[in-house]
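The chain contents come next:
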Amino acid sequence: MNKLTSRVIIAMMLIWVPLNWLGQDGTIRNESSLFCTPAQAAPAWLPWFGEEAAPLEFSELYSGASALGLEFSPKLESLKGKKVRISGFMAPPLKPTLNFFVLTKVPMAICPFCSTDADWPDDIVLIKLSEAVTALPFDRPITVTGQLELGYQMDEETGFVSLVRIVADNIEEAN
Amino acid sequence: MYNPKMSVLCLSRCFRLVVALLVVASLMSGVTVSYAAYRAPEVPNINIMPIDRAKFLVGQKFDFAIEVKSDTPASAIEVLVNGKKAETFFGKQAVVKFDNMSTYRINEVAFPQTSKVTVAVTVKTEKGTEKRTVNYEVPADKIKKPAKNVILFVGDGMSLQARQMARILSKGITEGKYNDLLEMEKMSNLALITTSGNDSLVTDSANSASAYATGHKSTVNAMGVYADSTKDPFDDPKVENIIELVKRTRGMSAGIVSTANITDATPAAMLAHTRKRSEQNFIAQEMLNPLHRPDVILGGGSRHFLPKSVPGSKRSDERNIIEEFKELGYPIATNKTQLKQAGTPDKLLGLFQLDNMDVYVDREVTKNPAVLGKFTDQPTLMDMTKTAINVLSKNQKGFFLMVEGASIDKQLHAMDWQRATYDTIEMDKAVGIAKEFAKKNGDTLIIVVADHAHGASITGTYHEKDGKTGREAVRIYADAGWPTFADADGDGFPDNPNPDVTLAVQFANHPDYYENEKFLDVPTSPAIMADGKAIANTKRAPQGGDLKVGNIPASDPSEVHSADDVPLTAEGPGADYFKGIMDNTEVFHGIVRALGLDGRNEKK
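Residues numbered from 1 in each chain as written. Chains lettered and ligands numbered in written order. Predicted model: local features only at pLDDT ≥ 70, side-chain atom pairs only at ≥ 80, totals over all residues. Heavy atoms only, no water.

Trainee: Explain the layout of surface pockets to me, and be specific about the residues and the numbers.
Mentor: All names here are of chain B. Taken as a whole, the second largest pocket spans an internal volume of roughly 1600 Å³. Breaking the lining of the second largest pocket down by element, the ones donating at least two residues are strand E1 (46–49), strand E2 (62–69) and strand E8 (128–138). For the lining of the second largest pocket, a count of residues per class yields 14 nonpolar, 13 polar and 14 charged. Counting the residues that make up the lining of the second largest pocket, at least three belong to each of domain 1 (46–138) and domain 2 (195–400). (1 Å grid on protein atoms, 1.4 Å probe; cavity = no way out; pocket = protein on both sides within 12 Å on 5 of 7 lines; lining within 4 Å. Points joined across faces, edges and corners; volume = space filled by probe spheres on them. Helix = DSSP H or I, 4+ residues; strand = E, 2+ residues; numbered from the N terminus. Nonpolar A, V, L, I, M, F, W, Y, C, P; charged D, E, K, R; others polar. Domains from an automatic or database assignment.)

Next up, the structure:
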């Protein structure tokens, strides 16, 4: 993302943050797109006042893997609850109204939610948003920054099981 | 004889006379070709399951069910089997419910005698009565010298063309003559198998494997059942399958081997009953059910066997299916080393990947760490087949083994014919191992078949040696010459999957995708889903490639199954059954005939 776009986004956020505090009427949120609302989960000022985000790669998620299960890597364990940054591809969500999506290492061929025999690969990260997004760049890499959550969690509505999650506070196109 | 004195006119008159005489003669002797008329398919209001023209092994158990669709609830459903009331015929009470979809059902029945069967159904509604008749067959075909064992190889999606690609890459061709044939081609019998299910021209792997396992048609995504109208994936009328039959009637051993998740459609259909193949957690736990518990289970997909608290599990409960198998005395192998160390126990569970096992090229040729990750010690299909045969053949009563080359299909879906072909060769080598075993005692029937086809054809060759690229570099007719694959080490696999002259393999159906005709370093999807539409994946041809505009609905991001008939080859006792064009349900009947199974028997 070039600097000009970043500045525009920062400027938009500065306007948008107080709007959120004042209005809460949801009109802006209904038209939200992924890149126009970079801060959707945590307060927008967090990236500036919070800690530095630690870079994380898909290949660093698990240190051990066998047919008997996966093992979180020491690096992943050490970043639990901390701010991380990871790049990947957004997989198509089950429904456009969901406030989470799945980040994958490579673009997903099959929409596992809509296909009967497909299932997700093991190395995925679930990205939690404060609201659903509508403009979805599935074919371009994106970088997500946010707080890392680890451990089994099942989404009540969809039954979707996740192990590694990021509560996103910034999403942008990867370089 | 030509007579120069005869005029042309005279010749023509003679000819006409001869033709006229022939026509009269043929009419008188009845030598005319007549065609049976048929009607366009229609959905009857009375749905009888099993369907019309179903064929049963005598004594094979099934659930008999009828669904009647009517504007107002039906008031009576009368069912006659060969003129007798169905309840009397089967000796069981029917459960009948009247509604806009009225149902009549008698579970777990069987035909006690070989015969033709007529089922006449009469339904009374406010508007009057509606009738429907279906016919069944319970054949009496008996084999003189039965087989002790049957090994069924299913090359998933292994069309005629997929076999040929494997023959070219594995054996090579010199001056138009193949240097050799595949193991699966050097067999005594050949048949063509039609693949449609009872709902649709084009099948999926559950449906088609179910036909092989039960002798009955099913529906896309379903196995071991006739699909009824309810949403519940576990309530559909069942049909007894091959593993249940060999266990119940004879106490034989049974095994399933696959390079896919072992709960995937093809291995699952050998034992399970569900309308929904995606119920893989259910299928995993069904493998424990003594009615159809395989003695040997080897493949991928441990994620459906691990409790949900274990990272990597896809279960929604805390059941540890691996531990449950352990408690039943199954040694567990999770990699090739452990599989070798397992020796020949009486039963065996081997799960070598959380998901589908990796394909042969990635596992054994390139060994690309970016693809394999930590799974660097996976067995080959040959290893698994050999172990399965060693374990199962300990049972003196014989065994049934199904071996699936699963990723032939998965890679053809991804339009990666090279990966598919190496996996076809891998399965062929597994066939070779089975043939070696069969040679020893001569009492094993081996069947090699696909479950459906893919739209891939060999158009010629492809090279860029003269600077041409893309479609202009596809060499056709005389320009094709020969591909330059070579197998210097004689292991049956070409040394290089990406020689300077490769095959031009083109697909009849595809999504939008980029094609550069080259071997892909890592498996890469041709298209990805974006906003519900398949769009070409730019990662597919990083060096550049031609955009091929899709010719199937944009809702599907992969190449899809084709309705083409598929070849079956067979050898051993009972192989003579397989010839000509056969319905896919006949594969089951060929198996049970070869074994001389009788569904009325109960093992002692």
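Here the narrative resumes.
Trainee: So, unusual backbone geometry: which residues are in play, and what are the values?
Mentor: Generally, phi is negative for residues other than glycine and the peptide bonds are trans, each holding for most cases. Residues and elements named next belong to chain B. A cis geometry characterises the amide bond from Met-49 onward to Pro-50, with omega recorded as 0°. Looking at the secondary structure, you find Pro-50 in the loop between E1 and E2. The phi dihedral of Asn-82 is positive, around 50°, even though this residue is not glycine. Checked against the element boundaries, Asn-82 lands in the loop between strand E3 (76–81) and strand E4 (84–85).

Trainee: Any chance you could break down the packing of helix H5 (residues 242–250) of chain B against helix H16 (residues 586–595) of chain B for me, citing the residues and the numbers?
Mentor: Residues and elements named next belong to chain B. Put simply, H5 and H16 touch, their axes get as near as 12 Å, and they point 20° apart. The orientation of H5 with respect to H16, classified from their angle, is roughly parallel. Relative to H16, the crossing made by H5 is right-handed. Taking contact as the criterion, the partners of Ile-242, Leu-245, Val-246 and Arg-250 in H5 are, on H16, Phe-588, Ile-591, Val-592 and Leu-595. (Axes fitted to C-alpha atoms, helices over the stretch in contact; angles between N-to-C directions. Parallel < 35°, antiparallel > 145°, perpendicular 65-115°, else oblique. Left-handed = near helix turned anticlockwise from the far one by under 90°. Contact = heavy atoms within 4.5 Å.)

Trainee: How would you summarise the interface of chain B and chain A if you had to cite specific residues and measurements?
Mentor: Between chain B and chain A, the residue contacts involve 34 residues of the former and 30 residues of the latter. Roughly 2600 Å² of surface becomes buried between chain B and chain A when both sides are summed, with 59% attributable to carbon and sulfur atoms. Looking at the side of chain B facing chain A, the largest losses of area belong to Pro-311, Lys-374 and Met-529 of chain B, adding up to 20% of the total buried there. Across the chain B-chain A interface, the total number found is zero salt bridges. (Buried area = accessible area lost by both parts, 1.4 Å probe. Salt bridge = Lys/Arg side-chain N within 4 Å of Asp/Glu carboxyl O.)

Trainee: Tell me about the pairing of strand E6 (residues 101–109) of chain B, residues and numbers included.
Mentor: Residue and element names in this part refer to chain B. Both E2 and E6 contribute to a ladder of seven bridges, which runs antiparallel. Among the inter-strand pairings, Glu-67 is bridged to a residue of E6, identified as Thr-103. Where strand E5 (residues 95–97) and E6 come together, three bridges link them in antiparallel fashion. By the bridge assignment for E6, Val-95 is matched with Arg-105. Taking the residues between adjacent antiparallel strands as the criterion, E5 and E6 are bridged by three residues. (Pairing = 2+ DSSP bridges.)

Trainee: Describe in detail the packing of aromatic side chains, supporting the description with residues and values.
Mentor: Residue and element names in this part refer to chain B. Under the counting rule described, the total for this entry stands at 19 aromatic pairs over all chains. Ring centres of Phe-89 and Phe-90 lie 5.1 Å apart, and the angle between their planes is 90°; this geometry places the pair in the edge-to-face category. Look at Phe-234 and Phe-282: their rings are 4.4 Å apart centre to centre, the planes differ by 45°, and that puts the pair in the tilted class. With a gap of 48 residues between them, Phe-234 in the loop between helix H4 (205–214) and H5 and Phe-282 in helix H7 (residues 280–286) connect regions that are remote in the sequence. By relative accessible area, which is 19% here, Phe-282 ends up buried. Of the aromatic side chains, those joined through ring pairs into one cluster are Phe-56, Phe-62, Phe-64, Phe-89, Phe-90, Tyr-104, Phe-111 and Tyr-136. Just above the ring of Tyr-178 sits the side chain of Arg-167; from NZ or CZ to the centre is 4.6 Å. (Phe/Tyr/Trp six-rings, centres within 6.5 Å; stacked < 30°, edge-to-face > 60°. Buried < 20%, exposed > 50% of the residue type's maximum accessible area, 1.4 Å probe, protein only. Lys NZ or Arg CZ within 6 Å of the ring centre and 35° of its normal.)

Trainee: Explain the sheet that holds E6 of chain B residue by residue, including any values.
Mentor: Residues and elements named next belong to chain B. Read from one edge to the other, the open sheet built from four strands follows the order E1-E2-E6-E5, with strand pairing classed as antiparallel. Each having just a single partner strand, E1 and E5 make up the two edges of the open sheet. Here the strands of the sheet are splayed against their neighbours by 5° on average, with no regard to which way each runs.

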